[in-house]
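What follows is the residue order along each chain.
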Amino acid sequence: MNPARPAINRLFRFQWEPAQQAHVLLYPEGMVKLNQSAGEILKRCDGARTVSQIVADLEAAFNASGLAPEVEAFLEMADAQNWITWNTD
Amino acid sequence: MDTLLVPPDAMQRRPGPLWLLAEVTYRCPLHCAFCYNPVDFAQAGPELSTDDWLKVIREARALGAAQFGISGGEPLLRDDIEILVREARGLGFYTNLITSGVGLTEARLAALKDAGLDHIQLSFQDATREANDLITNTRTFDLKRKVAAMTKAAGYPTVINCVLHRTNIDHLDRIIEMAVEIGAEYLELANTQYHGWAFLNREALMPTAAQLAEAEAVTERWKARLGKKMRILFVTPDYQSKKPKKCMNGWGEVFLSVTPDGLALPCHTARMLPGLEFPNVRDHGIDWIWHDSPLFNRFRGTAWLPETCQSCEDKDKDHGGCRCQAFMLTGDPSATDPVCPKSPDHGLIDAALAEAEKPGTVHPLVFRDPKNSTRLARPF
Ligand code: SF4
Ligand code: SF4
């Protein structure tokens, strides 16, 4: 089995909001405004990339290292909020 | 001094609306006695055209609105909602359809899906003329089951809203069971808000304290059983909770509603309030309506609050409660919401609750239809 790959829950829509100057999650009851790092992580939750690929991607994009704990903690929270689901096939 | 680079106007401007609710028609095949539509809806002017709505959608989006809801009446009675959804979705709105499901065919659903509709909320209620009792009305249940299966097959989660009142609340157990059978992911149990037709029918619709307590217990049992499988939200009624609500999250703060005939409102029931001029989207842009119209500024913030609230520490939390409720109960739209125990008019709530406890009196329901609407608008 392939490692699980996070994807945005179909109940939510992730997009850039010009009025908020931020990435947001839209859902039936409202909107969550995301901070920059949350936005960058969710942007990569496309159901194709694994968590370690996402981490590698972010580290390359922001010229940083050791981002794994932060990304994992965020994804755990996002999972608890139902923002993401996991692709396993 | 970075801030000096920001033009003074932009610095002072409050955010635009987040929500745009398009009540596209007052026409409806159902006749719910708890409908929040205005009792005199039959007097409303002609419906907005498709182009009028497109203009409203574009202007609201330009102000930053991100949620677009289509409701009514029954919105499916208009044949252009696909066009509205497509425009809204294309501009980045999250699009919601609030429907009774009557009139939703496979073809219509496919067209809406193709237009980019994000979400459907199915109202699961029908105190119709034929049967006040949801349970005995199997025809309605079959329809909802069909619609839910259809929308599910189209990839939409099943989200159901059910209005609770005196005549159906004892069947809550069965209502929740039906929602489970239908495969709902989300069930909102909304106790009747006494606006519009519901206020007219208040005596007939108000449950007793014992009925409510039982309903809450039933809900808790199901919640424990279902866990994440189906989420249930039980909205406690204002009268019983005695907690004034920050209506629409604050007048003119996030919500913009437009009536079928084009009135822009800060709350979908505000049309009933006296002494206010309601701007029409045919005559004014949304920007002016939101930021500058006297209506949207009338109850904005807390400066206008009556004395009871001015000295209260909760005023930022609830802004003195619901304006429509204050008006319906006291005749004064700027009074403290009588559901608040600190309101000088709170006795009116206690009296209504006591009335609900009186055994034996049966109040006939007045159904929401054009004939009753016309009759009730006549002075004699
Ligand atoms: S509450 Fe009932 S009568 Fe009123 S608009 Fe909704 S479905 Fe129609
Ligand atoms: S007095 Fe006014 S501000 Fe205080 S809780 Fe009651 S309604 Fe809210």
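A short tour of the structure in this document, coming up. (Residues numbered from 1 in each chain as written. Chains lettered and ligands numbered in written order. Predicted model: local features only at pLDDT ≥ 70, side-chain atom pairs only at ≥ 80, totals over all residues. Heavy atoms only, no water.)

Things to note about the sheet that holds strand 4 (residues 119-123) of chain B
Argument step 1. Sheet architecture is open: nine strands sit in the order 7-6-5-4-3-2-1-8-9 (chain B), paired in mixed fashion. Only two strands of the sheet have a single partner each, and these edge strands are strand 7 (231-235) and strand 9 (264-265) of chain B. (Pairing = 2+ DSSP bridges. Helix = DSSP H or I, 4+ residues; strand = E, 2+ residues; numbered from the N terminus.)

A short note on the site of ligand 1
Argument step 1. The environment of ligand 1 is made up of Cys28, Leu30, Cys32, Cys35, Asn37, Gly73 and Arg368 of chain B.
Argument step 2. Tallied by class, the residues present in the shell around ligand 1 amount to four nonpolar, two polar and one charged. (Near = heavy atom within 4 Å. Nonpolar A, V, L, I, M, F, W, Y, C, P; charged D, E, K, R; others polar.)

Things to note about the environment of Ile289 of chain B
Residue and element names in this part refer to chain B.
Argument step 1. By secondary structure assignment, the location of Ile289 is in helix 11 (residues 286-291).
Argument step 2. Its relative accessible area of 0% is what places Ile289 among the buried residues.
Argument step 3. Once the C-alpha coordinates of Ile289 and Gly252 are considered, the two residues, 37 residues apart in sequence, prove to be 9.9 Å apart. (Buried < 20%, exposed > 50% of the residue type's maximum accessible area, 1.4 Å probe, protein only.)

Things to note about the packing of helix 2 (residues 50-62) of chain B against helix 3 (residues 81-90) of chain B
Residue and element names in this part refer to chain B.
Argument step 1. Remark: helix 2 packs on helix 3, axes separated minimally by 10 Å, with the N-to-C direction vectors making an angle of 20 degrees. Taken together, the axes of helix 2 and helix 3 lie roughly parallel to each other. In the packing of helix 2 onto helix 3, the handedness of the crossing is right-handed. For the pair formed by helix 2 and helix 3, the contact residues are Thr50, Trp53, Leu54, Ile57 and Arg58 on the first element and Ile83, Leu84, Glu87 and Ala88 on the second. (Axes fitted to C-alpha atoms, helices over the stretch in contact; angles between N-to-C directions. Parallel < 35°, antiparallel > 145°, perpendicular 65-115°, else oblique. Left-handed = near helix turned anticlockwise from the far one by under 90°. Contact = heavy atoms within 4.5 Å.)

Quick look at the packing of helix 6 (residues 172-182) of chain B against helix 9 (residues 209-226) of chain B
Residues and elements named next belong to chain B.
Argument step 1. One way to put it is that helix 6 packs onto helix 9 with a least axis distance of 9 Å and a crossing angle of 30 degrees. It follows that helix 6 is roughly parallel to helix 9 by the angle criterion. Of the two possible hands of crossing, helix 6 and helix 9 adopt the one that is right-handed. Residues Leu172, Asp173, Ile176, Glu177 and Val180 of helix 6 pack against Ala215, Val218, Thr219, Trp222 and Leu226 of helix 9.

Examining the interface of chain B and chain A
Argument step 1. At the interface, 19 residues of chain B touch 14 residues of chain A.
Argument step 2. In this assembly, chain B packs against chain A so that about 1300 Å² is buried in total across both faces, 48% of it on carbon and sulfur atoms.
Argument step 3. Put simply, chain B and chain A have two salt bridges between them.
Argument step 4. On the surface where chain B and chain A come into contact, there are nine residue pairs in polar contact (both at pLDDT 80 or more).
Argument step 5. Tallied by class, the residues present in the side of chain B that touches chain A amount to eight nonpolar, six polar and five charged. (Buried area = accessible area lost by both parts, 1.4 Å probe. Salt bridge = Lys/Arg side-chain N within 4 Å of Asp/Glu carboxyl O. Polar contact = N/O pair within 3.5 Å; in protein donor to acceptor, adjacent residues only side chain to side chain.)

Quick word on the packing of aromatic side chains
Residue and element names in this part refer to chain B.
Argument step 1. Throughout the structure, instances matching the rule amount to seven aromatic pairs over all chains.
Argument step 2. A network of ring pairs unites the aromatic residues Trp251, Phe299 and Trp304 as a single cluster.
Argument step 3. One residue, Lys113, lies across the ring of Tyr156, its end atom 4.8 Å from the ring centre.
Argument step 4. Looking at Arg225, its charged tip hangs above the ring of Trp222, at a distance of 4.3 Å from the centre. (Phe/Tyr/Trp six-rings, centres within 6.5 Å; stacked < 30°, edge-to-face > 60°. Lys NZ or Arg CZ within 6 Å of the ring centre and 35° of its normal.)

With respect to the site of ligand 2
Residues and elements named next belong to chain B.
Argument step 1. All residues adjacent to ligand 2 are Pro244, Thr308, Cys309, Cys312, Asp314, Lys315, Asp318, Gly320, Thr336, Cys340 and Lys342.
Argument step 2. Residue assignment for the shell around ligand 2 shows that the elements contributing at least two residues are helix 13 (307-310) and helix 14 (315-318).
Argument step 3. Classifying every residue of the shell around ligand 2 gives four nonpolar, three polar and four charged.

Notes on the pattern of salt bridges
Argument step 1. Taken as a whole and assessed by the stated rule, the structure comprises 26 salt bridges over all chains.
Argument step 2. Linking Arg13 of chain A and Asp118 of chain B is a salt bridge whose minimum nitrogen-to-oxygen distance equals 2.6 Å. Placement of the pair is Arg13 of chain A in strand 2 (residues 13-17) and Asp118 of chain B in the loop between helix 4 (106-115) and strand 4, with the two residues belonging to separate chains. With respect to class, Arg13 of chain A is no different from Asp118 of chain B; both count as buried.

A closer look at helix 2 of chain B
All names here are of chain B.
Argument step 1. Taking 1.5 Å per residue, 13 residues should reach 18 Å; helix 2 reaches 18 Å between its end C-alpha atoms and fits that length.
Argument step 2. By the burial criterion, the buried members of helix 2 are Trp53, Leu54, Val56, Ile57, Ala60 and Arg61. Taken around the axis of helix 2, the buried residues stretch over an arc of 160 degrees, which confines them to a single face. For helix 2, the exposed residues set more than 90 degrees away from the buried face come down to Asp51 and Ala62. (Expected span 1.5 Å × (residues − 1). Arc of directions from axis to C-beta.)

Digging into the nonpolar core
All names here are of chain B.
Argument step 1. Of all hydrophobic cores here, the largest spans 77 residues; its most connected members are Leu20, Phe68, Leu172, Ile176, Leu187 and Leu189.
Argument step 2. It is helix 6 that contributes the most residues to this core, six residues altogether.
Argument step 3. Beyond its immediate stretch of four places on either side in the chain, Phe68 contacts Leu20, Ala22, Ile57, Leu84, Ala88, Phe93, Tyr94, Thr95 and Asn96. (Core = buried A, V, L, I, M, F, W, Y, C linked by side-chain atoms within 4.5 Å.)

Observations concerning the state of the cysteines
Residue and element names in this part refer to chain B.
Argument step 1. All chains considered together, the criterion is met by zero disulfides over all chains.
Argument step 2. With no disulfide of its own, Cys322 lies closest to Cys247 among cysteine sulfurs, the gap being 4.2 Å.
Argument step 3. Residue Cys322 is classed as buried on the basis of its relative accessible area of 5%. (Disulfide = S-S within 2.5 Å.)

Overview of the pairing of strand 2 of chain A
Residues and elements named next belong to chain A.
Argument step 1. As paired elements, strand 2 and strand 3 (residues 22-27) share five bridges and run antiparallel to each other. Counterpart to Arg13 in the pairing with strand 3 is Leu26.
Argument step 2. Between strand 2 and strand 3, which pair antiparallel and follow one another directly, the connecting turn spans four residues, one of which, Gln21, has a positive phi of 50 degrees.

Let's talk about the environment of Leu276 of chain B
Residue and element names in this part refer to chain B.
Argument step 1. Tracing the chain through its elements places Leu276 in the loop between strand 9 and helix 11.
Argument step 2. A sequence separation of 174 residues divides Leu276 from Val102, and the C-alpha atoms of the two residues are 35 Å apart.
Argument step 3. When neighbours within four sequence positions are excluded, Leu276 is seen to be in contact with Leu295, Arg298 and Phe299.

Quick notes on the sheet that holds strand 2 of chain A
Either a parallel or an antiparallel arrangement is found when strands of a sheet pair, and the pairing is made through backbone hydrogen bonds.
Residues and elements named next belong to chain A.
Argument step 1. With antiparallel pairing, three strands are arranged side by side in an open sheet as 2-3-4. Each of the sheet's edge strands pairs with one partner strand only, and the pair in question is strand 2 and strand 4 (30-33). Here the average twist between neighbouring strands, direction ignored, is 35 degrees.

Bear in mind that shape data such as this cannot, by itself, settle questions of function.
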